[in-house]
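Descriptive structure summary
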Amino acid sequence: MAEPGPMRAQQPAAHASAALAASGALAAGAQPPALHLDRVTCTFTSGDGVAYTAMREATLTVAAGEFVSVVGPTGCGKSTLLNMAAGLLRPSSGSVSVFGAALQGVNHRAGYMFQGEALMPWRSALANVTAGLEFAGVARAQAREQGRDWLRRVGLGGFENRYPHQMSGGMRKRAMLAQTLIRDPDIILMDEPFSALDIQTRQLMENEVLDLWMARRKAVLFITHDLDEAIAMSDRVVVLSAGPDTHPIGEFVIDIPRPRDVAEVRMQPRFIELHQGIWAVLRDEVLKGYERQRKA
Ligand SMILES: Nc1ncnc2c1ncn2[C@@H]1O[C@H](COP(=O)(O)OP(=O)(O)O)[C@@H](O)[C@H]1O
Ligand SMILES: [Mg+2]
């Protein structure tokens, strides 16, 4: 089996699209990537005028139907990257395109599952799940029917009248998952969705997300700081450098067959081999990130 290693160097997108055009792939009607961040830079300026460049010239592509995870040390810019993909944050330079069209404003092709708690405490599980449909003008009866269906799919059938404070952490994450998927987005953005869960609940949810994904094959950009989770879930894992000036420093194709059970896949020799290869790249960045945070 091939040694795991960075699969391709980050290439300026101008070259990439020229190469695609030359190969006739686009002309032949190949689908443009679901998401393409092209040399995006993101500089934050604090109140006292100090600039911090969280991300510099980062290029990242997610093909339609592809499951891509991004790993990197805490504070390196993972959420920043996702916010740019969601259209919630404009890059200081560079561009974002969605299925080949330049992204302006919010990314309406994407559903976003946030890192923290995002349920509205005054709404029941069902009313939380249907909120997006209601805001989009879907008739109430239809929204409720779809909401019940999605609650069942995420294992919350019968819990539709529970309020967030009446649900466990895992149940709230399930409700958030239904809330994200009910609008059937072509791109799913997830920011460390299960990091707050205990390991058993987490693995259950990871398997459920994989089942749902296998059935629909939407593009997924999945942020995690957990390398095991990234490898178990993904088609490709992208490693970010420690901040500032964060950018991808390695990209690994996860050639482990599907369907996968996230708990069992960790025992496979290929998983361990990939883990070692990726960790060799990630470890130094984690140490750098830790050192910077300690100094700060
Ligand atoms: N709105 C903001 N203003 C200033 N700095 C920010 C802002 N958002 C994020 N940052 C900084 O950018 C860096 C990356 O943050 P973030 O993307 O949240 O990291 P991660 O998700 O990888 O933990 C951090 O140093 C953080 O403090
Ligand atoms: Mg984050």
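What comes next concerns the included structure. All figures in this text were calculated on a predicted structure; none of them were measured in a lab.

A separate point is the sheet that holds strand β6 (residues 110-113). Read across the sheet, 6 strands follow the order β6-β7-β8-β3-β9-β10 without closing on themselves; strand pairing throughout is mixed. Each end of this open sheet is capped by a strand with a single partner; those strands are β6 and β10 (248-253). If you compare each strand with its neighbour and ignore which way they point, the axes differ by 15 degrees on average. Bridge count for β6 against strand β7 (residues 187-191) is 4 bridges, and the pairing is parallel. Paired with Y112 across the bridge in β7 is L189. Contacts from helix α5 (residues 169-181) reach β6 and β7, with the element oriented near 165 degrees to β6. Sheet strands in contact with helix α6 (residues 199-216) are β3 (67-71), β7 and β8 (219-224), and its direction is about 145 degrees off that of β3.

The subject of this paragraph is the site of ligand 1. Every residue close to ligand 1 is listed here: F44, Y52, A54, P73, T74, G75, C76, G77, K78, S79 and T80. A distance of 2.7 Å is found between an oxygen atom of ligand 1 and a backbone nitrogen or oxygen belonging to G75. At 3.0 Å, a backbone N or O of G77 approaches an oxygen atom of ligand 1. At the level of elements, β2 (51-62) and α2 (78-86) are the ones that each hand at least two residues to the shell around ligand 1. By residue number, the principal contributor to the shell around ligand 1 is α2, which donates 3 residues. Grouping the amino acids of the shell around ligand 1 by side-chain chemistry returns 5 nonpolar, 5 polar and 1 charged.

A few words now on α6. With 18 residues, α6 extends 26 Å from end C-alpha to end C-alpha; this agrees with the ideal 26 Å at 1.5 Å per step. On its buried face, α6 is in contact with β3, α4 (140-153), α5, β7, β8 and α7 (227-233).

What counts, and at which threshold
- Residue positions are given per chain, counted from 1 along the sequence in the order it is written.
- Chains and ligands are labelled by the order in which they are written, letters from A for the one and numbers from 1 for the other.
- In keeping with the predicted nature of the model, local features appear solely for residues at pLDDT of at least 70, side-chain atom pairs appear and are counted solely at 80 or more, and the whole-chain, interface and lining totals rest on all residues.
- As a rule here, side-chain values cover all heavy atoms of the structure and leave hydrogens and water aside.
- A pair of strands is considered paired only if DSSP assigns at least 2 bridges between the two.
- Only runs of H or I of at least four residues qualify as helices and only runs of E of at least two qualify as strands under DSSP, and these elements are numbered from the N terminus.
- Interaxial angles span 0 to 180 degrees and are taken between N-to-C directions of axes, which are lines fitted to C-alpha atoms, for helices over the stretch in contact.
- Contacts are assigned to residue pairs with any non-hydrogen atoms lying within 4.5 Å of each other.
- A molecule or strand has a residue near it when one of that residue's heavy atoms lies within 4 Å.
- Pairs of N or O atoms are called polar contacts if they sit within 3.5 Å, as long as, within protein, a hydrogen donor faces a hydrogen acceptor (for residues adjacent in sequence, only side-chain-to-side-chain pairs).
- For this scheme, ten residues count as nonpolar: Ala, Val, Leu, Ile, Met, Phe, Trp, Tyr, Cys and Pro. Four count as charged, namely Asp, Glu, Lys and Arg, and the remainder, Gly too, count as polar.
- Helix span, expected: 1.5 Å multiplied by one less than the number of residues in the helix.

The analysis is restricted to geometry; functional conclusions fall outside its scope.
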